[in-house]
Amino acid sequence: MISLAIVGTTAYVAHSYIWSLQVQNFASKVNHRNSYAIYDGTTIEQVLDMIEKDYDIGSHMYFRLHARLMNFHYPEPGYYTFDSIISDREIIRRLKIGEQTPVKITWNNAIRTREQLAAKVTGNLRIDSATLLSYLENDTFLIQYGMNKENSRCLFIPNTYEVFWTITPEQLFARMYNEYNTFWNAERRAKAEKLGLTPIQVAIIASIIEGESRNKNELPLIASLYLNRVRKGMLLQACPTVKYAVGDFKLRRILYSHLQTDSPYNTYKTPGLPPGPISCPNPQSIDYVLNAPETDYLFMCANPALDGTHIFSSSYRNHANAAAQYHHMMDTLNTSQNN
C-alpha cells in the first residue's frame, strides 16, 4: 500500500510538473487575454506580481523551477499579450527572446502641430512625446529624409500602423519613411512633377484644402483653385493658414487684425506656399491635389445659403459680389439673433 501511495504521489507530481510546463500554469481570472508592458530591469518576481493580478497561478514553485531550467533570469523589455490559458514554457520562451505583441499607433488629419503629433504617436509606445518631438524638430537628423522641422509632419501619413512597443525613434522614422515611399510611388511622384511640385508641396496644399471645407465633394475644386494661384504667383490668401499662424484653430471669423500676423504661415502676407503643412493631411486629400480638375477658379467664398458649400469664381468682380451676399446674410443673422 505504501509503495502504491508513493507511486501515485510520484505520478501526480510528474503530471503536475509536465502540465504546468507544457499546458497550463496560468488561467485568466476573467477568461480573456491580458497585456503587460515590461520595462528594462524588471525581475521574474515582478513579472509574477503583475501576472498574478489577472491570472490564477497553479504553482509559483514550478514556474521558478522552470525558469531556472530554461536559463531565464530577466525578461526582455516589451509589450506582451498572453492567452487566457498559458503554460510556463510559453511565457518563459516569449519573455526570454522578446517575442512581443505589436501595438497599434494611429492618427488623422486632426493633428495640427508637431507637439500634437508627438503626443498622439507615442501614446502606445515606450518613447515619450518629448523625445519624439526633439526628433521632429532636429533638422540635422531630418536631412536624411529630405525634410526639416517645418515639414517633418509630412513623413507621418495618417493611418493605423503596427509596431513594437520598444521601437526606438530612429526605427520609427525609418518605418515612416518606408511607408512614405510606399505611398509616394512612381505614379504619384510623376503626377506631382507634372504639377511642378514636390511631394512635400503637394502635402502642404492638401493640408490647406482640408482646412477650407468639410465637404469632400468640394476639395478637388479647392485644390484646383490653389494650384491656379500657385502657378500665377498669387498670394494664396488661405484662411486656414491664418488660423495656424495665429495658433487658434477654432477661429470662426478671420478679422483684419489676424491678417496682420507676422508669420511665414500667414499666406495673406507671405507669398508662395507656407514652409510646412498646417495638419497631417489625409492620403485622399493628397490625391485630390494630384488629380485636381483643370479650372480657371482663383477665388472662393462661403455660400450665402449657409449650406457648407462655396461659390467659386474666376474673376475678382464675381467673387466680390458673392462675398457681399455672404456678409449681408451674416449681418442679417446677427441682427435677428440680437433682437
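Parameters at a glance
- In every chain, residue numbers begin from 1 and rise along the written sequence.
- Thresholds applied to this predicted model are a pLDDT of at least 70 for local features of residues and 80 or more for the giving and counting of side-chain atom pairs; totals over whole chains, interfaces and linings are not thresholded and use all residues.
- Just so you know, side-chain values use all the structure's heavy atoms and leave hydrogens and water out.
- The predictor rates its confidence in each residue with pLDDT, a number between 0 and 100.
- Residues are treated as being in contact if the distance between any of their heavy atoms lies within 4.5 Å.
- Numbering of helices and strands runs from the N terminus; a helix is a DSSP stretch of H or I covering at least four residues, while a strand is a stretch of E covering at least two.
- Using a 1.4 Å probe on the protein chains alone, a residue whose accessible area is under 20% of its type maximum counts as buried, one over 50% counts as exposed, and one in between counts as partly exposed.
- For two strands to pair, DSSP has to find at least two bridges joining them.
- The term nonpolar core refers to a set of buried residues drawn from Ala, Val, Leu, Ile, Met, Phe, Trp, Tyr and Cys, joined through side-chain atoms within 4.5 Å.

Enquirer: Just checking my understanding: could you explain the confidence of the model for the chain for this structure?
Expert: In low-pLDDT regions, the fine details of the predicted coordinates are not to be read closely. Of all residues in the chain, 93% attain a pLDDT of 70 or more, and the chain-wide mean is 91. Taken as a whole, residues 4-12 scores under 50 in pLDDT and shows zero contacts with residues more than four places along the chain or in a different chain.

Enquirer: Which parts of the structure should I look at to understand the side chain of His319?
Expert: Positionally, His319 belongs in helix 15 (residues 316-338). What makes His319 buried here is its relative accessible area of 16%. Once residues lying within four places of it in the same chain are set aside, the contact partners of His319 are Phe299, Met300, Cys301 and Ser313.

Enquirer: Looking at this model, I keep getting lost on the sheet that holds strand 5 (residues 85-86). Mind explaining?
Expert: On the basis of which strands lie adjacent, the open sheet formed by three strands has the order 3-1-5 and antiparallel pairing. With one partner strand each, in any of the chains shown, strand 3 (55-57) and strand 5 form the two edges of the open sheet. The sheet contact formed by strand 1 (residues 26-28) and strand 5 spans two bridges and is antiparallel. Note that in strand 5 the partner of Ala27 across the bridge is Ile85.

Enquirer: Sorry, what's going on with the nonpolar core here?
Expert: The nonpolar side chains of a soluble globular protein tend to be buried, and buried together. The biggest cluster of nonpolar side chains holds 60 residues, and the ones touching the most others in it are Phe156, Leu172 and Phe173. Counting residues per element, this core draws most heavily on helix 10 (residues 199-212), at eight residues. Excluding residues that lie within four positions of it along the chain, Leu172 makes contacts with Ile105, Val121, Leu125, Ile127, Leu132, Phe156 and Ile167.

Enquirer: Would you mind showing me how to read unusual backbone geometry here?
Expert: With glycine set apart, most residues show a phi of negative sign, and most peptide bonds adopt trans. Despite not being glycine, Asn31 shows a phi value in the positive range, around 60°. With respect to the helices, strands and loops of the structure, Asn31 is situated in the loop between strand 1 and strand 2 (34-38).

Enquirer: Any chance you could explain the environment of Ile200 here in plain terms?
Expert: Relative to the elements of secondary structure, Ile200 occurs in helix 10. In this structure the C-alpha to C-alpha distance between Ile200 and Arg153, which are 47 residues apart in sequence, comes to 9.6 Å. Aside from chain neighbours lying at most four places away, what touches Ile200 is Gly146, Met147, Asn151, Cys154 and Tyr180.

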